[in-house]
Amino acid sequence: MLGRLRRKEAARRRKTTMRILHIVTNSDLGGAPRVVTELSARAAKDGHTCAVAAAPDGPMWRYLDVHVQRFPVYSIRREIDPLEDLKTFCSLQKLYGSFRPDIIHLHSSKAGVLGRLSALSWGIKYTRRCVYTIHGFDTILKAHNRYLPLERMLARATGAVVPVSHYDERNLRAAGICKRVVMIPNGVTNRRGMPSPDLRAASCIAEAKAQGKPIVLTIARLESPKRPDLFVDIARKITKASFFWVGNVQNPTSMLPAGTKIPENLFFLGESPEAGTLANLCDIFMLLSDYEGAPMSILEAMSCAKPVVASNVGGIPEILGEGSDAAGILVPNKPNIISNAVLSIIEKPSIANRLGAMARQKFESSYSADHMWESYLDLYKKLSKL
């Protein structure tokens, strides 16, 4: 009798658990890989069989849950390369056959295209189980719009196309991608009070803080859309504060205009493990950018109850809000306006406290990783029954 009950329970669990395969192009610590680490960890914790496929040489692999299976794809890359892209197509096609996923969750445009084309080769059943998360549709609209026809075609054979903000959802629909669109906001693990494992970066920030200077922090890839040039301008204008950029390059000169002099109150710290924990050490979190989806770094700063100054682009306005419910100050990419926003928070503690409290409240109500996982899990369950 006991054996029969155990067999029934095992059969029930097999029916309610899924085999989930995440595919992401890069394996760095950017937004898409961060979402993959958050979702795969929760999937494994809930008893699902979960795997991740991505480029082999990035730091993301170190932060995957130990129960998540790993499939390095040696040929995948952001750049268009017909030969390597063909190799990736074949690798993914073979992986589908061996792993037999119930859900294929694709992140970023390159993985989204090759992942769905590979699924098509297995039949429509596989493509209907594809979830394609677009981590910032502006990247396609503004930098790679020649691929829009391909995105429209593949969307018709996709189980769900997921924008991470209402801003991206509106742009998707305006671009002709209307069916099976499901908006799910990004979410992050609570970083409040968590010590940073990066003792070097933490000690640099703590040393500046001990001098009585407010700390302004940015966590971002050191690339032109993230406007490091503006960051330098603001640091130069506000000498009473110390500015720290945590990102993927320690030497910033290649990403700044020729002849740019870095002010003495600005420090580039390079890559940092669990960088979001450093938000606990700052007074203001700042993210300047030309376009964004739903930045994970802002959400982590909000989990630490920090006021935010950020560019009024992409999905950032709906995250921070406006008026009495604002969790930060939205700014155009104009140095004088940005510096005035930063100074208003530095000089008026009541503003900093109000914005920080609202940031924490918004994180708890809408932007935790647990909220994100529950939304995706509901979507997975619907698609796995098709």
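As the structure is a computational prediction, the values presented were derived from the model and not from experiment. Throughout, residues of each chain are indexed from 1 in the direction in which the sequence is written. Reporting in this predicted model follows two pLDDT cut-offs: at least 70 for local features of residues, and 80 or more for side-chain atom pairs to be given and counted; totals over whole chains, interfaces and linings ignore these cut-offs and use all residues. Calculation of side-chain values draws on the structure's entire complement of heavy atoms; hydrogens and water are dropped beforehand.

1. Concerning the packing of aromatic side chains
- Stacked, tilted and edge-to-face are the three classes assigned to paired rings of Phe, Tyr and Trp, where Trp is represented by its six-membered ring and a pair needs centres within 6.5 Å; plane angles under 30 degrees give stacked, over 60 edge-to-face, the rest tilted. Evaluated as defined, the whole model comprises nine aromatic pairs.
- An angle of 80° between the planes, with centres 5.8 Å apart, marks the rings of Phe231 and Phe243 as edge-to-face. With Phe231 in helix α10 (residues 228-237) and Phe243 in strand β8 (residues 242-246), the pair connects residues that are twelve residues apart, well separated along the chain.
- Burial here depends on accessible area, computed with a 1.4 Å probe over protein chains only, as a share of the maximum for the residue type. Under 20% is buried, over 50% is exposed, and the range in between is partly exposed. Given the relative accessible area of 1%, Phe231 is considered buried.
- For Phe243, a relative accessible area of 0% corresponds to the buried category. Working definition: helices are DSSP H or I runs of at least four residues, strands are E runs of at least two. Numbering for both runs from the N terminus.

2. A closer look at the sheet that holds strand β12 (residues 328-331)
- The six strands are arranged β9-β8-β7-β10-β11-β12 in an open sheet whose pairing can be described as parallel. In the strand order of this sheet, the two ends are held by β9 (266-270) and β12, each with one partner. The mean inter-strand angle of the sheet, taken between neighbouring strand axes irrespective of direction, is 20°.
- Pairing between two strands is assigned when DSSP locates at least 2 bridges connecting them. Here five bridges tie strand β7 (residues 215-219) to β8, and the two strands are oriented parallel to one another. Axis lines are fitted through C-alpha atoms, for helices just across the contact stretch, and the angle between N-to-C directions can take any value from 0 to 180 degrees.

3. Examining helix α4 (residues 109-120)
- What a helix should span is 1.5 Å times the count of its residues minus one. Between its first and last C-alpha atoms α4 spans 16 Å; for twelve residues at 1.5 Å apiece the expected length is 16 Å, and the two agree.
- With nine of twelve residues buried, α4 lies mostly within the body of the structure.
- Taken as a whole, α4 has its buried residues at Lys110, Ala111, Gly112, Val113, Leu114, Gly115, Arg116, Ser118 and Ala119.
- Here, two residues are considered to be in contact whenever any of their heavy atoms come within 4.5 Å of each other. Elements that come into contact with the buried residues of α4 comprise β1 (19-24), α3 (82-99), β4 (103-107), α5 (124-127), β5 (130-134) and α7 (148-155).

4. Quick notes on the side chain of Arg360
- You can see Arg360 is positioned in helix α14 (residues 349-366).
- A relative accessible area of 14% means that Arg360 is categorised as buried.
- Definition of a polar contact: a pair of N or O atoms within 3.5 Å, with one able to donate and the other able to accept a hydrogen when the atoms are protein atoms, and with sequence-neighbouring residues admitted only if both atoms are side-chain atoms. In terms of polar contacts, Arg360 uses its side chain to reach the backbone carbonyl oxygen of Ser303, at 2.5 Å.
- Ignoring any residue separated from it by four or fewer positions in sequence, one finds Arg360 in contact with Asn190, Arg192, Met302, Ser303 and Ala305.

5. Considering the nonpolar core
- Buried Ala, Val, Leu, Ile, Met, Phe, Trp, Tyr and Cys residues that are joined via side-chain atoms within 4.5 Å together make up what is termed a nonpolar core. The biggest cluster of nonpolar side chains holds 84 residues, and the ones touching the most others in it are Phe243, Met286, Ile298 and Met302.
- No other element matches helix α15 (residues 369-384), which puts seven residues into this core.
- Setting aside its immediate chain neighbours within four residues, Phe243 contacts Val216, Phe231, Ile234, Ala235, Ile238, Asn265, Leu266, Phe267 and Met286.
- Counting residues in hydrophobic clusters, the runner-up holds 29 residues, among them Ala53, Val73, Ala111 and Val181.

6. Examining the pattern of salt bridges
- Salt bridge, as applied in this entry: a Lys or Arg side-chain nitrogen positioned within 4 Å of an Asp or Glu carboxyl oxygen. Throughout the structure, instances matching the rule amount to 21 salt bridges.
- With a shortest N-O distance of 3.3 Å, Arg236 and Asp233 are connected by a salt bridge. With Arg236 and Asp233 both in helix α10 and three residues apart, this pair spans about one turn of that helix.
- Notably, a salt bridge pairs Glu347 with Lys240, separated by 3.4 Å at the nearest N-O pair. You can see Glu347 sitting in helix α13 (residues 335-347) and its partner Lys240 sitting in the loop between α10 and β8, a full 107 residues away along the chain.
- Taking the relative accessible area as the measure of exposure, Lys240 reaches 42% and is therefore partly exposed.
- If you follow the salt bridges from partner to partner, you end up with Arg34, Arg191, Glu274 and Glu300 in one network.

7. So, the side chain of Asp85
- Assignment of secondary structure puts Asp85 in helix α3.
- For Asp85, the side chain forms a polar contact with the side chain of Lys110, separated by 3.0 Å.

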